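# Observations on the three-dimensional arrangement
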Amino acid sequence: MSWRASWYLRSPRVRTPPAYLNMEPTNRCNLSCKWCVASTARPTGMLDMAVADGVMDQASRAGVREIRFFLAGEPLLHPRIDDLVTQATRRGLRSVLHTNAMLLDRERGRGLIEAGLDEISFSINGVEDATVGEVQRGANLHVMAGNVRSFLDVRRRSGHRIPRTILQIIQSPSEAATPLPSHRLTTLFGAPGPDRILRLAPHGWGGQLRSSEVVLRGTRYHPCQPLWQGMSMGWDGRVFLCCGDLNGTHEVGDLNRDDLMEVWRGPALTRIRQLVACNTRNGLALCASCDAVWWKYHPMVHDARRALWIISKCMPSHA
């Protein structure tokens, strides 16, 4: 039984390993973003290479398929981020990185590509200077966009098809109602630009972000996906409740001493899945106010519709 089947059925026990592991290179950041709730309450630091090596060994043996090098913080602040990606590549683990692109100079981009990075997403929350300056304090849109163009150029010249590139834009509902100007995107990111543009609504981070611009996507309750799909580890090896727990308020294990699969199938996460599955979340501060549990319809229907959409895009046109 796959994790998805367990999630559809709300089973608190997951037989399969996590599909991915969020491995935080650092929780330090060079920006202060409107939609982020990471605070200084959690001690800051850098992921130790020996800890990363041991955890990736565990992940590979357990059958984890993907390492996502982000949680809180800016991963490019880690001085050996290229080596972390290389460690994942050597183990056959798919590697993903999420960055604000401010530090993604040409040499750093080349290093990530040569390390075998599979996917990179750029968090740039707007296409105008004033917007980015307001929602990503400390950012410079032209530096970010220039670094993305440079990265795409290095990838093209290298002859590599990876990493896949995604431009991720978080926008308020009113902003998202307006189409992105294609000419502006071309000016900023070149042509053809990133492989995909993803527009997202602000996430409430389990009620930590209190804003009228956080809008529920539906009225039907179903448990959130991450508790069944992936595990989230901070820079110090501690395992947190989920990818929304940027401040480490709910520790469920420590991979410095605990086995990855024992944490994944252990009593702490199993109990949390059980509470969330039954919608008895009041004892869990993050889960009680989380907006990720509200759907327009059952996620099985959502996934089926998405699969059909993907198939239709792949079908040859007979116009």
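Above this note sits the structure.
Notes on the structure in this doc start here. Please read all numbers here as calculations on a predicted model, not as lab measurements.

All right, on to the packing of aromatic side chains then. The geometry of an aromatic ring pair is captured by two quantities: the separation of the ring centres and the angle between the planes. Under the counting rule described, the total for this entry stands at five aromatic pairs. Pairing Trp 7 with Trp 295 gives two aromatic rings, centres 5.6 Å apart and planes at 55 degrees, and the pair type is tilted. Taken together, the positions of Trp 7 in helix α1 (residues 3-8) and Trp 295 in strand β13 (residues 294-295) put the pair 288 residues apart, joining distant regions of the chain. The residues Trp 7 and Trp 295 share a single accessibility class, namely buried. Taken together, the ring pairs in this structure connect Trp 3, Trp 7, Tyr 8 and Trp 295 into an aromatic cluster.

All told, the structure shown has 19 salt bridges when counted by the stated rule. Arg 106 is the salt-bridge partner of Asp 153, the closest N and O atoms lying 2.5 Å from each other. Here Asp 153, found in helix α6 (residues 141-158), pairs with Arg 106, found in helix α4 (residues 106-115); they are 47 residues apart in sequence, far enough to count as distant. For Asp 153, a relative accessible area of 18% corresponds to the buried category. Via salt bridges that share partners, Glu 66, Arg 68, Arg 94, Glu 119 and Arg 164 belong to a single interconnected network.

Let us now look at the environment of Asn 256. Relative to the elements of secondary structure, Asn 256 occurs in the loop between β12 (251-254) and α10 (260-264). Accessibility expressed as a relative area gives 46% for Asn 256, which makes it partly exposed. Separated by 205 residues in sequence, Asn 256 and Val 51 have C-alpha atoms that sit 7.1 Å apart. Setting aside residues no more than four positions away along its own chain, Asn 256 makes contact with Val 51, Asp 236 and Gly 237. A polar contact is formed between the side chain of Asn 256 and the backbone oxygen of Asp 236, at a distance of 2.7 Å. Among the polar contacts listed, one links the side chain of Asn 256 to the side chain of Asp 254, at a separation of 2.8 Å.

What counts and how
- Residues numbered from 1 in each chain as written.
- Predicted model: local features only at pLDDT ≥ 70, side-chain atom pairs only at ≥ 80, totals over all residues.
- Heavy atoms only, no water.
- Phe/Tyr/Trp six-rings, centres within 6.5 Å; stacked < 30°, edge-to-face > 60°.
- Helix = DSSP H or I, 4+ residues; strand = E, 2+ residues; numbered from the N terminus.
- Buried < 20%, exposed > 50% of the residue type's maximum accessible area, 1.4 Å probe, protein only.
- Salt bridge = Lys/Arg side-chain N within 4 Å of Asp/Glu carboxyl O.
- Contact = heavy atoms within 4.5 Å.
- Polar contact = N/O pair within 3.5 Å; in protein donor to acceptor, adjacent residues only side chain to side chain.

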